[in-house]
Amino acid sequence: MLPFVVRRVRPEDLDACHRLEQCCFPPAEAASREKVAARIERFPEAFLVAEADGVVVGQVSCGATHKDDITDEAFKALIGHHPDGRNLVVFTLTTDPGWRKRGVASALMARLLADARARGRARVLLLCKDDLKGFYQGLGFADGGLSASTHGGTTWSEMRLDLG
Ligand SMILES: CC(C)(COP(=O)(O)OP(=O)(O)OC[C@H]1O[C@@H](n2cnc3c(N)ncnc32)[C@H](O)[C@@H]1OP(=O)(O)O)[C@@H](O)C(=O)NCCC(=O)NCCS
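It should be emphasised that the depicted structure is a prediction, and the values quoted were computed from it without experimental measurement.

A.B. asks: Tell me what's going on with the overall build of the chain, and back it up with residues and numbers.
C.D. replies: Helix and strand counts for the chain come out as four helices and seven strands. Walking the chain from its N terminus toward its C terminus, one meets helices and strands in the order β-α-α-β-β-β-α-β-α-β-β. In terms of C-alpha radius of gyration, the chain reaches 15 Å, essentially the compact-globule figure of 15 Å for 164 residues. Each of the three principal axes of the chain carries a C-alpha extent, and together these read 40 × 30 × 30 Å. When burial is assessed residue by residue, the chain has 33% of its 164 residues classed as buried. Pairs at least 24 residues apart make up 63% of the contacts formed inside the chain by residues separated by at least 6 positions.

A.B. asks: Explain the site of the ligand to me, and be specific about the residues and the numbers.
C.D. replies: The full set close to the ligand counts 17 residues, and Thr 95, Arg 100, Val 104, Ala 105 and Ser 106 are the nearest of them. Across the shell around the ligand, the residue classes break down as eight nonpolar, five polar and four charged.

A.B. asks: For the sheet that holds strand β1 (residues 5-8), give the residues involved together with the corresponding values.
C.D. replies: Sheet architecture is open: seven strands sit in the order β1-β2-β3-β4-β5-β7-β6, paired in mixed fashion. Two strands bound the open sheet, and with one partner strand each, they are β1 and β6 (142-146). The sheet shows a mean angle of 25° between the axes of neighbouring strands, taken without regard to direction. Both strand β2 (residues 48-52) and strand β3 (residues 55-65) contribute to a ladder of five bridges, which runs antiparallel. The residue bridging Ala 52 from the neighbouring strand is Val 55, located in β3. On the sheet, helix α3 (residues 104-118) packs against β1, β2, β3, β4 (87-95) and β5 (123-128) and is oriented at approximately 35° with respect to β3.

A.B. asks: Tell me about the pairing of β5, and name the residues and values.
C.D. replies: With four bridges joining them, β4 and β5 adopt parallel strand pairing. Opposite Asn 87, over in β5, you have Arg 123 as the bridge partner. For β5 and strand β7 (residues 157-162), the ladder comprises six bridges, and the chain directions are antiparallel. Each bridged residue has a counterpart across the sheet, and for Leu 127 the counterpart in β7 is Glu 158.

A.B. asks: Account for the environment of Val 55, naming residues and giving values.
C.D. replies: Among the structural elements, Val 55 can be located in strand β3. Under the C-beta neighbour-count criterion, Val 55 is labelled partly exposed, with 13 such atoms within 10 Å.

A.B. asks: How would you sum up the nonpolar core? Please name residues and give values.
C.D. replies: Counting residues in hydrophobic clusters, the biggest one holds 36 residues, and the most contacted among them are Cys 62, Val 89, Val 90 and Leu 108. Among the elements of the structure, α1 (14-24), α2 (33-42), β2, β3, β4, α3, β5 and β7 are those that each provide at least two residues to this core. Top element by residues in this core is α3. It accounts for six residues. Sequence-distant contacts of Leu 108, that is, excluding residues within four places in its chain, are made with Val 6, Leu 48, Ala 50, Gly 58, Val 60 and Leu 93.

A.B. asks: Go over unusual backbone geometry, please, and point to the residues and values.
C.D. replies: Phi is positive for Asp 53, close to 50°, though the residue is something other than glycine. With respect to the helices and strands, the residue Asp 53 is situated in the loop between β2 and β3. When the 7 C-beta atoms within 10 Å are taken as the criterion, Asp 53 is described as exposed. Backbone geometry at Leu 78 places phi at a positive 70°, although glycine is not the residue there. Mapped onto the secondary structure, Leu 78 falls in the loop between β3 and β4.

About the thresholds
- Residues numbered from 1 in each chain as written.
- Predicted model: local features only at pLDDT ≥ 70, side-chain atom pairs only at ≥ 80, totals over all residues.
- Helix = DSSP H or I, 4+ residues; strand = E, 2+ residues; numbered from the N terminus.
- Rg over C-alpha atoms; globule rule 2.2 N^0.38 Å.
- Buried ≥ 20, exposed ≤ 12 C-beta atoms within 10 Å, placed from the backbone.
- Contact = placed C-beta atoms within 7 Å.
- Near = placed C-beta within 6 Å.
- Nonpolar A, V, L, I, M, F, W, Y, C, P; charged D, E, K, R; others polar.
- Pairing = 2+ DSSP bridges.
- Axes fitted to C-alpha atoms, helices over the stretch in contact; angles between N-to-C directions.
- Core = buried A, V, L, I, M, F, W, Y, C linked by C-beta atoms within 7 Å.

Structure representation (structure tokens):
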């Protein structure tokens, strides 16, 4: 049995999810508390956490859109988010440093993809740095090439998974 459970986010997870943002990303890339709160409030359907002994040790959060262009910074604050959008866009995937390499992120993504399929989404899209392409390819994502996004002042590759 896994030493953690994957479940949908709850309002009371805000502090823990914001803490994960801060400890897992450089300051320019971490989502603000306000952004995390908005994602929990407006789209809990695709915001999952991994919980071990009552502590949140991993998270994945998303927005949904009919667009294929995911470079819009405002979308990260859910501006232009449509809950019924055909595409799911992953904003954040983080595992607490003390819990890495134990399958937390893989389990979160597996559940997210299963839910997206069941919900009839067409595609899951995300941006990642080059060293994580292999991780996402292992989950079935294809490399969509260099993104126009300069989020956090760095370069990103776009990864996409067609669910159809
Ligand atoms: C990336 C991250 C979420 C992975 O979390 P995790 O819970 O350790 O991942 P898993 O244990 O499910 O690992 C799954 C596989 O990916 C590999 N992997 C994990 N982190 C990796 C990394 N940083 N680089 C390359 N491969 C990695 C693991 O070795 C494992 O491979 P295996 O199944 O062949 O052993 C975690 O390292 C993290 O929070 N990083 C900082 C935030 C970040 O960069 N998030 C991604 C944004 S696009």
